[in-house]
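Each chain, letter by letter, is given below.
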Amino acid sequence: AQTVTQSQPEMSVQEAETVTLSCTYDTSESDYYLFWYKQPPSRQMILVIRQEAYKQQNATENRFSVNFQKAAKSFSLKISDSQLGDAAMYFCAYRSATDSWGKLQFGAGTQVVVTP
Amino acid sequence: DAGITQSPRHKVTETGTPVTLRCHQTENHRYMYWYRQDPGHGLRLIHYSYGVKDTDKGEVSDGYSVSRSKTEDFLLTLESATSSQTSVYFCAISESIAGRNEQFFGPGTRLTVL
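First, a word on scope: everything that follows refers to the structure included in this document.

Rules used throughout
Residues numbered from 1 in each chain as written. Chains lettered and ligands numbered in written order. Predicted model: local features only at pLDDT ≥ 70, side-chain atom pairs only at ≥ 80, totals over all residues. Heavy atoms only, no water. Helix = DSSP H or I, 4+ residues; strand = E, 2+ residues; numbered from the N terminus. Rg over C-alpha atoms; globule rule 2.2 N^0.38 Å. Contact = heavy atoms within 4.5 Å. Areas by Shrake-Rupley, 256 points an atom, 1.4 Å probe, with all protein chains shown as cover. Lys, Arg positive; Asp, Glu negative; His and termini not counted. Charge placed at Lys NZ, Arg CZ, Asp CG, Glu CD. Salt bridge = Lys/Arg side-chain N within 4 Å of Asp/Glu carboxyl O. Buried < 20%, exposed > 50% of the residue type's maximum accessible area, 1.4 Å probe, protein only. Disulfide = S-S within 2.5 Å.

## Some remarks on the overall build of chain B
At step 1: A tally of helices and strands in chain B yields 0 helices and 11 strands.
At step 2: Taken from N to C terminus, the helices and strands of chain B fall in the order β-β-β-β-β-β-β-β-β-β-β.
At step 3: Over its C-alpha atoms chain B spans a radius of gyration of 13 Å, differing by no more than 12% from the 13 Å that the globule rule assigns to 114 residues.
At step 4: Taking the principal axes of its C-alpha atoms as reference, chain B extends roughly 45 × 30 × 25 Å.
At step 5: Here the analysis covers contacts within chain B between residues at least 6 apart in sequence; of these, 54% occur between residues at least 24 apart.
At step 6: Carbon and sulfur atoms form 48% of the exposed surface of chain B, whose accessible area is close to 5,300 Å².
At step 7: Separation between the mean location of the 12 positive side-chain charges and that of the 13 negative ones in chain B comes to 2 Å.

So, in structure tokens, the structure goes:
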């Protein structure tokens, strides 16, 4: 079974600065997908960014970008120019490409605190 | 928001009582999931469904059952609630967007078992 590890329970960042959240995963598969979800205080789960394992290019969505290191099984999220609205819990998730059910395996989450 | 609603949004119940949580979607998605969220664990899969009467167990299915008699409704039942089932429960659907399957989540139900 795959496991997803987020080793940082909480990260603090000042407005306009950059913060990087780490995620590592354990898998024997070569084809899979990785995701970052954001959960603000409203509790809603919001998909931030996704990465296909077969793509070498790192995904980017506006101020959010990832550093995908397949050999190291590492998938970090960088939030640039942090804003107060970025304060949330962030979850890393893994999905096997061969799982027709599309089940997600989540990490424990990292709480991001943004200070003015 | 993928048209997902969950009811109730909050519930407080007592140990030993049965509880049913409802997930309703309006866009005819075939794949539906139930997760629970607990501090230190992230979200963990309880049960999932591919369609009417087609369900299977996830990682933490003990103490839970599900039913799907209509495409739009996916019910999660705690036959006899225990304090360890105090959690936030999320329903999700899988939707194909531009050839990619993405999961979208409902607003969650906070369940407290006293």
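## Thoughts on the pattern of salt bridges
Side-chain pairing between opposite charges can occur once the charged atoms of the two side chains come close.
At step 1: For the structure on display, the rule yields 9 salt bridges over all chains.
At step 2: Residue Arg50 of chain A pairs with Glu102 of chain B through a salt bridge whose shortest N-O separation is 3.0 Å. Of this pair, Arg50 of chain A sits in strand 6 (residues 46-52) while Glu102 of chain B sits in strand 10 (residues 100-105), each in a different chain. The pair formed by Arg50 of chain A and Glu102 of chain B is uniform in burial state, with each residue classed as buried.
At step 3: In this structure, Asp86 of chain A and Arg63 of chain A form a salt bridge, with 2.8 Å as the shortest nitrogen-oxygen distance. Separated by 23 residues along the polypeptide, Asp86 of chain A in the loop between strand 9 (74-79) and strand 10 (88-96) and Arg63 of chain A in the loop between strand 7 (60-61) and strand 8 (64-69) bring together distant segments of the chain. The same class applies to Asp86 of chain A and to Arg63 of chain A, which are both buried.

## Structural notes on the state of the cysteines
At step 1: With the rule as written, the count across this model stands at 2 disulfides over all chains.
At step 2: For Cys23 of chain A, the disulfide goes to Cys92 of chain A, at an S-S distance of 2.0 Å. What sets the handedness of the Cys23 of chain A and Cys92 of chain A disulfide is the S-S torsion sign, and at about -70° it is left-handed. Residue Cys23 of chain A is located in the loop between strand 3 (19-21) and strand 4 (24-26), and its partner Cys92 of chain A is located in strand 10; the two are separated by 69 residues in the primary sequence.
At step 3: On the basis of relative accessible area, Cys92 of chain A is assigned to the buried category, the value being 1%.
At step 4: Sulfur-sulfur distance for the disulfide between Cys23 of chain B and Cys91 of chain B comes to 1.9 Å. Judged by the sign of its S-S torsion, about -70°, the cystine formed by Cys23 of chain B and Cys91 of chain B is left-handed. A residue pair is termed long-range when its members are at least 10 positions apart, and Cys23 of chain B in strand 3 (residues 19-25) and Cys91 of chain B in strand 9 (residues 87-97) qualify at 68 residues. Across the pair, exposure class does not vary: Cys23 of chain B and Cys91 of chain B are buried alike.

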